[in-house]
Amino acid sequence: MAINRATLRQFLLQEYRTHGVEKDLVFLLEDIATACREISTLIRNGSFLETLGTAGSTNVQGEAQKKLDVIANEQFESHIRNCSRVAALVSEEVDEVTWLKDTAKAGDYIVYFDPLDGSSNLNVNLSVGSIFSIMQLPEDAVAGDVNTVLRDGSFQICSGYSIFGPATTLVLTLGHGVHEFTNHLATGEFRIVSRNMTIPEDCNEFAINASRFADWDAPVRNYIEDCIAGQNGPRGKSFNMRWTASMVVDIHRILTRGGVFLYPVDARNRAEGGKLRLMYEANPIAFLVEQAGGSASTGTARILDIQPESPHQRASVILGSRNEVLRIEEHYRQED
Ligand SMILES: O=P(O)(O)OC[C@H]1O[C@](O)(COP(=O)(O)O)[C@@H](O)[C@@H]1O
Ligand SMILES: [Mg+2]
Ligand SMILES: [Mg+2]
């Protein structure tokens, strides 16, 4: 059966013609798509390749690395190296910034990535994914200087994620809306399945790890209690809850049918500044959410305005349907 859905390449070349997206970025995104396809196959065959266990090493976050965290990182790095315009890599699984060039030329790319998101779900056959963000080197860039890669999220020219679930999905933005592709198994090509994904302003579904209830600050507790109070409560409507422990999967649901996702700073993670990482989790997702008409906040500030101080810093993450995020920000204001 002929599939008259544009391939990723056809879509990207249209972006090149319509929005002047650089040809090098088109090729880089195709390399990243290939890495995602490879990772998806390695995960599906994990039981036979014996890659489902732990690697015996820890990353800069102090987390025990899964074998597939390391393998996925290698896949990303090896495919991204095909693009001669990439100057630096920032990965969740590598402590230092990886510089691919000795001299830094303004406009060259920096790729930030979480090679495997939701890794606690790996050996229980639940969906996981990868997240990436692309920025360009500033005029005053200095190769080898970590400050060169510490740009705030509004400098992103592209971000996206892939999900390795029932289908292998790729969702991305180049600053002109959010678009979803599915990997067509017979041809191995990513083909477009949804253009201009939009998050409804209102919703009745929240995603939060409720087991941390006792650690939440008052604004989050008050917001969730109001939701759980249901029809007879201050919200006058019932809410549903979902939590998959894979951020990409929770976000994909929100981009598809609305909702709000919270991983706030709380009493247990305050010392680290939160759980999720700014450069390769919060920023890329915030760019997608804003491009889809949603909001992305720390509770007190816009995530994309945060000036980073270190490549692996964490952030409070509250994002999704605009009116819910505004309501949560109002709870923080009242607290202040
Ligand atoms: O274990 P918790 O507290 O539910 O946290 C789950 C969160 O941690 C993460 O797994 C962190 O990402 P990594 O798997 O890339 O470290 C998110 O995907 C997810 O939203
Ligand atoms: Mg992650
Ligand atoms: Mg990860």
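Computed from a predicted structure; not experimentally measured.

Asks: How should the domain arrangement of the chain be read in this particular structure?
Replies: Interfaces are frequently sized by the accessible area removed from exposure as the parts join. As assigned here, the chain comprises domain 1 (8–194) and domain 2 (205–335). Domain 1 and domain 2 are separated by 23 Å when their C-alpha centres are compared. For the domain 1 and domain 2 pair, buried surface summed over both sides reaches about 2,800 Å², with 61% attributable to carbon and sulfur atoms. Taken together, the links from domain 1 to domain 2 amount to two salt bridges. Taken together, the links from domain 1 to domain 2 amount to 20 residue pairs in polar contact (both at pLDDT 80 or more). No other element matches the seven residues that strand β6 (residues 128–136) contributes to the side of domain 1 that touches domain 2. Looking at the side of domain 1 that touches domain 2 residue by residue, the classes come out as 20 nonpolar, 20 polar and eight charged.

Asks: Hey, could you run me through the UniProt feature "domain: Fructose-1-6-bisphosphatase class I N-terminal" (unreviewed entry) in the chain in this one?
Replies: According to UniProt, the "domain: Fructose-1-6-bisphosphatase class I N-terminal" (unreviewed entry) feature falls on residues 7–193. For residues 7–193, helix accounts for 28% and strand for 32%, while the C-alpha atoms at its two ends are 10 Å apart.

Asks: What's the story with the side chain of Arg212 in this structure? I'm lost.
Replies: Following the sequence through the fold, Arg212 ends up in the loop between β11 (205–207) and α5 (218–228). For Arg212, a relative accessible area of 11% gives the class buried. Leaving out residues up to four positions away in the same chain, Arg212 has contacts with Tyr263, Asp266, Arg268 and Asn269.

Scoring rules and cut-offs
- Residues numbered from 1 in each chain as written.
- Chains lettered and ligands numbered in written order.
- Predicted model: local features only at pLDDT ≥ 70, side-chain atom pairs only at ≥ 80, totals over all residues.
- Heavy atoms only, no water.
- Domains from an automatic or database assignment.
- Buried area = accessible area lost by both parts, 1.4 Å probe.
- Salt bridge = Lys/Arg side-chain N within 4 Å of Asp/Glu carboxyl O.
- Polar contact = N/O pair within 3.5 Å; in protein donor to acceptor, adjacent residues only side chain to side chain.
- Helix = DSSP H or I, 4+ residues; strand = E, 2+ residues; numbered from the N terminus.
- Nonpolar A, V, L, I, M, F, W, Y, C, P; charged D, E, K, R; others polar.
- UniProt positions renumbered as here; feature names shortened; annotations may be inferred.
- Buried < 20%, exposed > 50% of the residue type's maximum accessible area, 1.4 Å probe, protein only.
- Contact = heavy atoms within 4.5 Å.

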